[in-house]
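Structure at a glance
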Amino acid sequence: MPEPEFQPERMLQVLEEHGVRFVLIGGFAAVIHGSPYVTTDIDLVPEGSLENLERLSAALRAMNARVWTASEPDGIPFDHDAASIADVRMWNLVTDLGRLDLAFEPDGTSGYEDLARSAVHLEISGTRVDVATLADIIRSKEAAARDKDRLVLPVLRRLLGALENEERQPSSEL
Amino acid sequence: MRGGQIVREARRRAGLTQRELAERAGTTQSAIARIERGATEPAYDRVRSLVAACGFELVPRIAPRDDSDWSVATANLRLSPDARVRQHQAAVRFARKGREALAGARA
């Protein structure tokens, strides 16, 4: 089976249609803040109530989510509901709209509440999305400390500095 | 990068409030707040001691300066978030077509 085309706008739209509460984090959130690094998956942190996870389960069903593994890149079909989603703290999924990673407590954070209190509320291609701040994305990548994170951190830190300088001096050059 | 950004990152990574960090570091919550928002710029040793109070070690590193990715990032900053997503999607689609063309050429 060919890798499904990555359609992040549609994926976010499906989540919104199902009323799922989450914070977008990771490389795609960094792109929204200006990161130059291309990514082909969505990382999100769901709010952990059973009601929300029930809505998430329905959204995953609508996207035909399967469990991704290196040996089964097309994904392994799985049955799920709110309780079973809550039982696993990190999910690597492949859907008909591309790769989707769910983490209840991304590295360096304590989860949804920690990230949601400072998240920025944006409208992306007509869909309302809560996006983790760049400072929180950096915090998580620094804690994860994978090689791929270390490579992007210098530019993300410069971006954060530029954005904060811009906030303090709106007319300054970047 | 400002010292206050490092302190804020370490504090939040440790799950501490500003008041809790202040108690550990023998200072006041308002002093921590001033540092984090950039109202005062702490000396390097001060940043290092606050990071240590969060349970971490500040490890300085000198690396070659590389502005190639930064130039793209600064161009991105002039776009709206919506435009950044569209540009990213165009890059992903172009890369996919390139991979497909390469696979076709190899077949």
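Refer to the structure above for everything that follows.
Owing to the predicted nature of the structure, the values given are computational and were not obtained by experimental measurement.

Our focus in this paragraph is a negative patch on the surface. All names here are of chain A. A cluster of acidic residues, Glu 54, Asp 79, Asp 81 and Asp 87, forms a negative patch at the surface. Take Glu 54: it is sitting in helix H3 (residues 50–62). When its relative accessible area of 42% is taken as the criterion, Glu 54 is described as partly exposed.

Below, the discussion takes up the interface of chain A and chain B. On the side of chain B, 30 residues touch chain A, which itself brings 44 residues to the contact. When the two sides are added together, the surface that chain A and chain B hide from each other amounts to roughly 3100 Å², 54% of it contributed by carbon and sulfur. Applying the counting rule to chain A against chain B returns 7 salt bridges. Run the count over chain A and chain B and you get 17 residue pairs in polar contact (both at pLDDT 80 or more). Looking at the side of chain A that touches chain B, the elements with two or more residues in it are helix H1 (8–17), helix H2 (26–32), strand E7 (120–124), helix H6 (134–144) and helix H7 (147–168) of chain A. Here the side of chain A that touches chain B gets 10 residues from one element, more than from any other, and that element is H7 of chain A. When its residues are assigned to classes, the side of chain A that touches chain B shows 20 nonpolar, 10 polar and 14 charged.

Summarising burial for H6 of chain A: 8 of the 11 residues are buried, a large majority. Regarding H6 of chain A, the residues found buried are Leu 134, Ala 135, Asp 136, Ile 137, Ile 138, Arg 139, Ser 140 and Lys 141 of chain A. Summarising the contacts, the buried residues of H6 of chain A are in contact with strand E1 (22–25), H2, helix H5 (112–116) and H7 of chain A together with helix H1 (3–13) of chain B. Positive backbone phi, approximately 55°, marks Ala 145 of chain A, located one or two places after H6 of chain A.

With that settled, the discussion passes to the pairing of strand E5 (residues 90–95) of chain A. Residue and element names in this part refer to chain A. In terms of strand pairing, strand E3 (residues 66–67) meets E5 through 2 bridges, oriented antiparallel. Across the sheet, Arg 66 pairs through a bridge with Val 94, a residue of E5. Once E5 ends, the chain turns through 2 residues before running back antiparallel as strand E6 (residues 98–103).

This paragraph deals with the packing of aromatic side chains. All names here are of chain A. Under the defined criterion, the tally for this structure stands at 2 aromatic pairs over all chains. Here Phe 6 and Phe 28 contribute two aromatic rings whose centre-to-centre distance is 5.9 Å and whose plane-to-plane angle is 90°, an arrangement assigned as edge-to-face. Of this pair, Phe 6 sits in the segment before H1 while Phe 28 sits in helix H2, placing them 22 residues apart in sequence. A relative accessible area of 5% places Phe 6 in the buried class. With relative accessibility at 0%, the residue Phe 28 sits in the buried group. The aromatic ring of Trp 68 is capped on one face by Arg 99, whose charged end is 4.1 Å from the ring centroid.

As a further point, take the layout of surface pockets. What the largest pocket holds in volume is close to 1400 Å³. Taken together, 28 residues line the largest pocket, and the ones lying closest to its centre are Glu 142, Leu 153, Pro 154 and Arg 157 of chain A together with Arg 61 of chain B. For the lining of the largest pocket, the elements supplying multiple residues, two or more each, are H7 of chain A together with H1 of chain B. Tallying contributions element by element places H7 of chain A first for the lining of the largest pocket, with 7 residues. Grouping the amino acids of the lining of the largest pocket by side-chain chemistry returns 17 nonpolar, no polar and 11 charged. Estimated volume of the second largest pocket: approximately 680 Å³. Lining the second largest pocket we find 30 residues, and of these Asp 43, Lys 141, Arg 146, Lys 148 and Asp 149 of chain A sit closest to its centre. Every element with two or more residues in the lining of the second largest pocket is listed here: H2, strand E2 (41–46), E5, E6, H6 and H7 of chain A. Residue composition of the lining of the second largest pocket, by class: 13 nonpolar, 7 polar and 10 charged.

Cut-offs and rules
- Residues numbered from 1 in each chain as written.
- Chains lettered and ligands numbered in written order.
- Predicted model: local features only at pLDDT ≥ 70, side-chain atom pairs only at ≥ 80, totals over all residues.
- Heavy atoms only, no water.
- Patch = residues over 30% accessible without salt bridge, like charges linked within 9 Å, V, L, I, M, F, W, Y side chains within 5 Å.
- Areas by Shrake-Rupley, 256 points an atom, 1.4 Å probe, with all protein chains shown as cover.
- Salt bridge = Lys/Arg side-chain N within 4 Å of Asp/Glu carboxyl O.
- Lys, Arg positive; Asp, Glu negative; His and termini not counted.
- Charge placed at Lys NZ, Arg CZ, Asp CG, Glu CD.
- Helix = DSSP H or I, 4+ residues; strand = E, 2+ residues; numbered from the N terminus.
- Buried < 20%, exposed > 50% of the residue type's maximum accessible area, 1.4 Å probe, protein only.
- Contact = heavy atoms within 4.5 Å.
- Buried area = accessible area lost by both parts, 1.4 Å probe.
- Polar contact = N/O pair within 3.5 Å; in protein donor to acceptor, adjacent residues only side chain to side chain.
- Nonpolar A, V, L, I, M, F, W, Y, C, P; charged D, E, K, R; others polar.
- Pairing = 2+ DSSP bridges.
- Phe/Tyr/Trp six-rings, centres within 6.5 Å; stacked < 30°, edge-to-face > 60°.
- Lys NZ or Arg CZ within 6 Å of the ring centre and 35° of its normal.
- 1 Å grid on protein atoms, 1.4 Å probe; cavity = no way out; pocket = protein on both sides within 12 Å on 5 of 7 lines; lining within 4 Å.
- Points joined across faces, edges and corners; volume = space filled by probe spheres on them.

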